Amino acid sequence: MADMNMRKTIYFLVLSFTLIAVQGYCLSGPTLLMDSKADTSEFVGGIGPLVKYKRVSAPSDFGGDMTVWGIRAFGGKLNDPEIGFIYSSGSLSGTSLKFKLDMAGLTLEDSFREDSRVKWRASFGVGQYSLQSRASGLVMNKGSFAFLEPMLVGVLPMSRHIVLEFGVGYTFAGATGVRVEGLAINAELLMGKF
């Protein structure tokens with residue numbers, strides 16, 4: 001019992017130190033264009049991979065946590081909202097069923113003027129899903145849907161041309177027969193001009 005408490009304490013201390021170090025780096029790290037040239041209208045943009053956490057559920061008591069991989073690109077003028085494209089795909093396998101999810105759409109985002117390292121983003125588009133048997137390949141349920149995903153995003157600059165973005169939001173989806181709406185947590189590694 002004491003050993004278990006000691007492990008929890010060590011995990012908590014390591015996590016706390018990591019969060020404090022990341023926060024300190026965010027505040028003192030590389031300067032973004034928004035910080036140094038906020039009065040210009042330079043073009044900014046980026047492209048890179050993303051990973052997202054989703055929770056899905058389907059008929060036959062099938063569901064769970066799913067990792068979704070994808071790509072995002074965006075661009076626009078520094079002081080204007082930026083427009084982008086997002087695509088993500090993932091699958092969740094059970095003992096007898098497999099769920100596949102694809103989503104693609106457009107993004108609109110802008111930073112809060114008080115802090116260039118905190119942004120809002122709205123993604124909207126269409127998605128497609130299928131639930132099939134792993135043994136026979138028989139498709140039990142499939143369809144398409146529209147989605148809207150508002151998100152609050154934190155920016156962690158690694159350099160002037162590489163940033164990490166972490167977002168938390170909620171997916172509103174019109175899927176029937178399955179549930180893909182809910183909490184969305186994602187991380188992106190973007191390369192470009194920031």
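Thresholds, definitions, all that
- Residues numbered from 1 in each chain as written.
- Predicted model: local features only at pLDDT ≥ 70, side-chain atom pairs only at ≥ 80, totals over all residues.
- Heavy atoms only, no water.
- Salt bridge = Lys/Arg side-chain N within 4 Å of Asp/Glu carboxyl O.
- Helix = DSSP H or I, 4+ residues; strand = E, 2+ residues; numbered from the N terminus.
- Buried < 20%, exposed > 50% of the residue type's maximum accessible area, 1.4 Å probe, protein only.
- Pairing = 2+ DSSP bridges.
- Axes fitted to C-alpha atoms, helices over the stretch in contact; angles between N-to-C directions.
- Contact = heavy atoms within 4.5 Å.
- pLDDT = per-residue confidence, 0-100.
- Lys, Arg positive; Asp, Glu negative; His and termini not counted.
- Phe/Tyr/Trp six-rings, centres within 6.5 Å; stacked < 30°, edge-to-face > 60°.
- Lys NZ or Arg CZ within 6 Å of the ring centre and 35° of its normal.

Novice: Would you mind going over the pattern of salt bridges in detail, with residue names and values included?
Specialist: Counted by the stated rule, this structure contains 13 salt bridges. Between R72 and E109 there is a salt bridge, with the nearest N and O atoms lying 2.6 Å from each other. One end of the pair, R72, is in strand β2 (residues 62-77); the other, E109, is in strand β4 (residues 97-112), with 37 residues separating them in the sequence. Judged by relative accessible area, R72 falls into the buried class, the value being 0%. Look at E109 and you get buried, because its relative accessible area is 0%. The shortest N-O distance in the salt bridge between R121 and E109 comes to 3.7 Å.

Novice: Pulling in residues and values, what's your account of the sheet that holds strand β3 (residues 82-93)?
Specialist: Strand order around the closed barrel formed by eight strands is β1-β2-β3-β4-β5-β6-β7-β8, with antiparallel pairing between neighbours. Within the sheet, the average angular offset between the axes of one strand and its neighbour, ignoring direction, is 25°. Judged from the ten bridges that link them, strand β7 (residues 162-173) and strand β8 (residues 182-193) form a sheet pairing that is antiparallel. Residue G167 lies in a different strand from β8, and its bridge partner there is N186.

Novice: Lay out the side chain of S130 with the relevant residues and their values.
Specialist: Structurally, the position occupied by S130 is in strand β5 (residues 115-133). For S130, a relative accessible area of 17% corresponds to the buried category. For S130, the residues in contact, after removing those within four places along its chain, are K98, F99, K100, N141 and K142.

Novice: I'd love a proper account of the pairing of β7, names of residues and values included.
Specialist: Here β7 shows one buried face, formed by V163, E165, G167, G169, T171 and A173, and one open face, formed by I162, L164, F166, V168, Y170 and F172. The pairing of strand β6 (residues 139-157) with β7 spans nine bridges and is classified as antiparallel. Bridged to V155 within β7 is E165.

Novice: Quick rundown of the confidence of the model for the protein? Include the residues and the values.
Specialist: Per-residue pLDDT for the protein averages 84, and the proportion of residues at 70 or more is 80%. Looking at the elements of the protein, mean pLDDT is at its lowest for helix α1 (residues 2-28), recorded as 59, and at its highest for β3, recorded as 94.

Novice: An account of the side chain of E82 is requested, with residue identities and associated values reported.
Specialist: Residue placement: E82 occurs in strand β3. Of the side chains with opposite charge, K119 lies nearest to the buried E82, which makes no salt bridge, at 4.6 Å. Ignoring any residue separated from it by four or fewer positions in sequence, one finds E82 in contact with V44, F74, G75, G76, K77, T107, L108 and E109.

Novice: Before we move on, can you summarise the packing of aromatic side chains with the specific residues and values?
Specialist: Each pair of aromatic rings is reported with the distance of its centres and the angle of its planes. By the definition in use, this model includes four aromatic pairs. With a centroid separation of 6.2 Å and 20° between ring planes, the pair formed by F99 and Y129 is classed as stacked. Residue F99 is found in strand β4, and its partner Y129 is found in strand β5; the two are separated by 30 residues along the sequence. Pair check on accessibility: F99 and Y129 agree, each one buried. By the ring-pair criterion, three or more aromatic residues cluster together here, those being F99, Y129 and F145. Between the NZ or CZ atom of K119 and the centre of the ring of F74, over which it lies, the distance is 5.1 Å.

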